[in-house]
Amino acid sequence: MTNMVHTYESTSRTVEFDGITIHYNDAGEGFPSILIHGGGPGATGWSNYRRNVDALSETGRVIVIDLPNYGRSSKVGPQQGLFGYYSRVVRSFMDTIGIERANFIGNSLGGGTSLKFAIDTPERAGKVVLMGAGGGLPIFSAMPTEGLRRMFGYYADGLPTREKLRAFIEMMVFDSSQVSDELLEERFQNSIDPEVVMAPSILPKNGKPAIEDLWREDLGSLQNEFLIIWGREDRVLPLDSAFILMNKLRNAQFHVFPNCGHWAQWERADDFNRIVGDFLAR
């Protein structure tokens, strides 16, 4: 994207609490939406959502957070119950910067974090957008998918390389031409931070990452409005992962993008911005 109104530098902020530093980007004014990134190697809030900040900040405040272990936030190493841990961090982050309630937009790991936040503190969550979200249950597809295997193997099979990162990132999209050399280099440099290499966030334990099965929670009790978005060709968390979430969340809409992978907000940015903007504005 070119000619952006908001840049990384102009929106960059940091805050400290509970012994950690959290980096975030802050744009626009009005009711806040917190955007939470996915968990692949080199991920940051800005790398996930740079194509969405300008459009979504036209009608409200947009806060793009770097979770601990990512970007310029503190590196704390793997945590058991990852969605719960990150949910608590986000709640403390909101307390520290003075936000009582916010909408949430979460991709993959960020989707699971957003859903867990709504489960634990529904009164502080407004509308919630779950995009290729973790925490569901694929009912047809074999797990782990090829995309997840590549993510888990990025640090396990020797030192990270640009080639391994490209192989993973190209699993995230349907159209590999959407992946620029600039994006790859940015994420590669983030992924080789020595602290990240020593203790990446999502480490499989006995073949499974330390994340919770959120589909087992009492999702039917949530009154929040949800918009579930998926790419039909998602090779990381497949489309059938969404079905049980759609069935259990009583106030959920479901939108599927054809010819689209795990990064709907990136591959279908204009449509994504319009659909999500309309949902949040209603």
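See above for the structure.
Participant: Describe in detail unusual backbone geometry, supporting the description with residues and values.
Facilitator: With the exception of glycine, most residues fall at negative phi, and the peptide bonds are largely trans. The omega torsion across methionine 143 and proline 144 is -5°, close enough to zero to call that bond cis. Topologically, proline 144 is positioned in the loop between β6 (125–131) and α6 (146–156). Phi is positive for serine 108, close to 60°, though the residue is something other than glycine. Within the element layout of this structure, serine 108 appears in the loop between β5 (102–107) and α5 (109–120).

Participant: Could you give an account of the packing of aromatic side chains, with specific residues and numbers?
Facilitator: Counting across every chain of the model gives eight aromatic pairs. Taking the centre distance of 5.4 Å and the plane angle of 50° together, the rings of tyrosine 85 and tyrosine 86 count as tilted. Accessibility expressed as a relative area gives 14% for tyrosine 85, which makes it buried. Given a relative accessible area of 0%, tyrosine 86 falls into the buried group. With a centroid separation of 4.5 Å and 40° between ring planes, the pair formed by phenylalanine 104 and phenylalanine 117 is classed as tilted. Of this pair, phenylalanine 104 sits in strand β5 while phenylalanine 117 is found in helix α5, placing the two residues 13 residues apart along the sequence. Put simply, the rings of Phe140, Phe243 and Phe254 touch in pairs and so form one group of aromatic residues. The ring of phenylalanine 279 is capped by lysine 127, whose NZ or CZ atom sits 5.2 Å from the centre of that ring. Directly above the ring of tyrosine 154 sits lysine 164, whose terminal nitrogen or CZ lies 5.7 Å from the centroid.

Participant: Lay out the nonpolar core with the relevant residues and their values.
Facilitator: Nonpolar side chains tend to gather and get buried jointly when the protein is soluble and globular. Core analysis: the largest hydrophobic core is formed by 64 residues, its most contacted members being Phe93, Phe104, Leu115 and Leu249. Counting residues per element, this core draws most heavily on helix α4 (residues 82–97), which supplies nine residues. Not counting chain neighbours up to four residues away, the residues in contact with leucine 115 comprise Leu130, Leu214, Leu219, Leu222, Phe226, Leu245 and Leu249. Judged by nonpolar contacts, the second largest core, of 20 residues, contains Met131, Leu227, Phe257 and Ile275.

Participant: Go over the environment of methionine 131 with me, naming the residues and quoting the values.
Facilitator: Along the chain, methionine 131 falls in strand β6. Spatially, the C-alpha atom of methionine 131 lies 15 Å from that of arginine 274, the residues being 143 residues apart in sequence. In contact with methionine 131, other than residues within four places in its own chain, are Tyr49, Gly106, Asn107, Ser108, Ile229, Ala264, Gln265 and Phe272.

Definitions and limits used
- Residues numbered from 1 in each chain as written.
- Predicted model: local features only at pLDDT ≥ 70, side-chain atom pairs only at ≥ 80, totals over all residues.
- Heavy atoms only, no water.
- Helix = DSSP H or I, 4+ residues; strand = E, 2+ residues; numbered from the N terminus.
- Phe/Tyr/Trp six-rings, centres within 6.5 Å; stacked < 30°, edge-to-face > 60°.
- Buried < 20%, exposed > 50% of the residue type's maximum accessible area, 1.4 Å probe, protein only.
- Lys NZ or Arg CZ within 6 Å of the ring centre and 35° of its normal.
- Core = buried A, V, L, I, M, F, W, Y, C linked by side-chain atoms within 4.5 Å.
- Contact = heavy atoms within 4.5 Å.

It is worth stressing that arrangement in space is one thing and function is another; only the former is reported here.
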